[in-house]
Amino acid sequence: MEPALYLLPVTLGDTPLERVLPSYNKEIIAGIRHFIVEDVRSARRFLKKVDRETDIDALTFYPLNKHTSPEEISGYLKPLEEGFSMGVISEAGCPAVADPGADVVGIAQRKNLRVVPLVGPSSIILSVMASGFNGQSFAFNGYLPIEAGERGKRLKQLEQRAYAEQQTQLFIETPYRNNKMVEDILHNCRPQTRLCIAANITCEGEYIRTRTVREWQTGGVPDLSKVPCIFLLYK
């Protein structure tokens, strides 16, 4: 296996590995002993799920989150510079997409180190696929403001972009605030604007529906509290 920084997707929930990850990923993971991870505990659980015989204590983990300094991140790549493959593991889905893993990938690229993305589930791509919205032009906007006035203003800005640029607008919210997010969307967006709610993607209870704002208002919205969810707006 050629030394590289391998970007290792994980499941979006408790989905069986074989349903969303190719067997090739397991082969790659077996050859890695150094992992840069968003959360050490969940990364260890994932690796045990990949191979129950894995000696977790023989592996080295480097935590990567919003508190990790650029100097620390750069130092994490020393094993790779010495010829040892390394893996990047996110909390869910694909590393470096809406994820702090992007920082270490950027440093690896600047150092001319080999970066290899592996195949796995991305809630962003899967939700665009299933929404019926524009898949040639879309933007992921992360989290919107929490304060109601600022959030309403931001929603109207994204809605305007959807109409003016014919661009699908995606965003997320902390699961326990999902229901409030839907309320704010239905309050601030035009009746004819289409909203796709994609929850529990690839997991049991998967729910992906596209309706106009007016249809959501009259037909009702399921309880989305504590459920991983992504929202999409389009004209």
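Note on numbering: residues in each chain are counted from 1, in written sequence order. Only residues with pLDDT of at least 70 are given local features in this predicted model, and only at 80 or more are side-chain atom pairs given and counted; all residues enter the totals for whole chains, interfaces and linings. Values shown for side chains rest on all heavy atoms present in the structure; no hydrogens or waters enter the calculation.

This part covers the layout of surface pockets. Residues are called lining when one of their atoms sits within 4 Å of a cavity or pocket point, these points coming from a 1 Å grid over the protein atoms alone, where a cavity is a set in which a 1.4 Å probe fits but cannot get out and a pocket is an open set with protein on both sides within 12 Å along at least five of seven lines. Grid points are joined across faces, edges and corners, and a volume is the space filled by probe spheres set on the points. Space inside the largest pocket adds up to approximately 1000 Å³. Looking at the largest pocket, it is lined by 36 residues, and the ones nearest its centre are Leu12, Glu91, Ala92, Gly93 and Pro228. In DSSP terms, a helix is any run of H or I states spanning at least four residues, a strand is any run of E spanning at least two, and both are numbered starting from the N terminus. For the lining of the largest pocket, the secondary-structure elements that each account for two or more residues are α3 (40-50), α7 (123-131), β6 (138-143) and β10 (229-234). Taken together, the residues of the lining of the largest pocket break down into 21 nonpolar, 8 polar and 7 charged. Of the pockets and cavities examined, the second largest pocket occupies roughly 170 Å³. Looking at the second largest pocket, the residues that line it are Lys26, Ile29, Ala30, Ile32, Arg33, Phe35, Leu47, Val50, Asp51, Thr54, Asp55 and Leu59. If you tally residues by element for the lining of the second largest pocket, the top one is helix α2 (residues 23-30), at 3 residues. When grouped by side-chain class, the residues that make up the lining of the second largest pocket number 7 nonpolar, 1 polar and 4 charged. Polar here means any residue other than Ala, Val, Leu, Ile, Met, Phe, Trp, Tyr, Cys and Pro, which are nonpolar, and Asp, Glu, Lys and Arg, which are charged; Gly is therefore polar.

Turning our eyes to something else, we now look at the side chain of Asn134. One can find Asn134 in the loop between α7 and β6. From its side chain, Asn134 meets the backbone nitrogen of Gln136 in a polar contact 2.8 Å long. A polar atom in the side chain of Asn134 sits 2.7 Å from the backbone oxygen of Gln166. Between two residues, a contact is recorded if the distance between any of their heavy atoms is within 4.5 Å. Beyond its immediate chain neighbours, meaning those up to four positions away, Asn134 contacts Val128, Gln166, Thr168 and Tyr234. Polar contact criterion, stated in full: a pair of N or O atoms within 3.5 Å, where within protein one must be able to donate a hydrogen and the other to accept it, and residues adjacent in sequence count only if both atoms are side-chain atoms.

Attention now moves to α7. For α7, the complete set of buried residues consists of Ile124, Ser127, Val128 and Ser131. For α7, the arc enclosing every buried residue in end-on projection is 100°, short of the 170-degree limit, so these residues lie on one face. Working definition: with a 1.4 Å probe on protein chains only, accessible area under 20% of the residue-type maximum means buried, over 50% means exposed, and in between means partly exposed. The directions considered for the arc run from the helix axis to the C-beta atoms.

Mapped onto the fold, Gln167 is located in the loop between α8 (148-165) and β7 (168-172). By relative accessible area, which is 10% here, Gln167 ends up buried. Polar contacts involving the side chain of Gln167 include one to the side chain of Arg161, which spans 2.7 Å. Residues within four places of Gln167 in sequence aside, it is in contact with Ser137, Phe138, Ala139, Arg161, Ala162, Leu233 and Tyr234.

Attention shifts here to the pattern of salt bridges. Here the idea is simple: oppositely charged side chains can pair when their charged atoms come close. By definition, a salt bridge exists where a carboxyl oxygen of Asp or Glu is found within 4 Å of a side-chain nitrogen of Lys or Arg. Within this structure, the stated rule accounts for 9 salt bridges. Among the salt bridges present, the one from Asp57 reaches Arg44, with a minimum N-O distance of 3.6 Å. Here the residue Asp57 occupies a position in the loop between α3 and β3 (60-63), and Arg44 occupies one in helix α3, the gap between them amounting to 13 residues. Look at the salt bridges and you will find they share partners, linking Arg151, Glu173, Arg177, Lys180 and Asp184 into a network.

The next thing to look at is the environment of Thr54. Its place among the elements puts Thr54 in the loop between α3 and β3. When the C-alpha atoms of Thr54 and Arg44 are compared, they prove to be 9.7 Å apart, with 10 residues separating the residues in sequence. In this structure, Thr54 is in contact with Leu47, Lys48 and Leu59, ignoring residues within four places of it in sequence.

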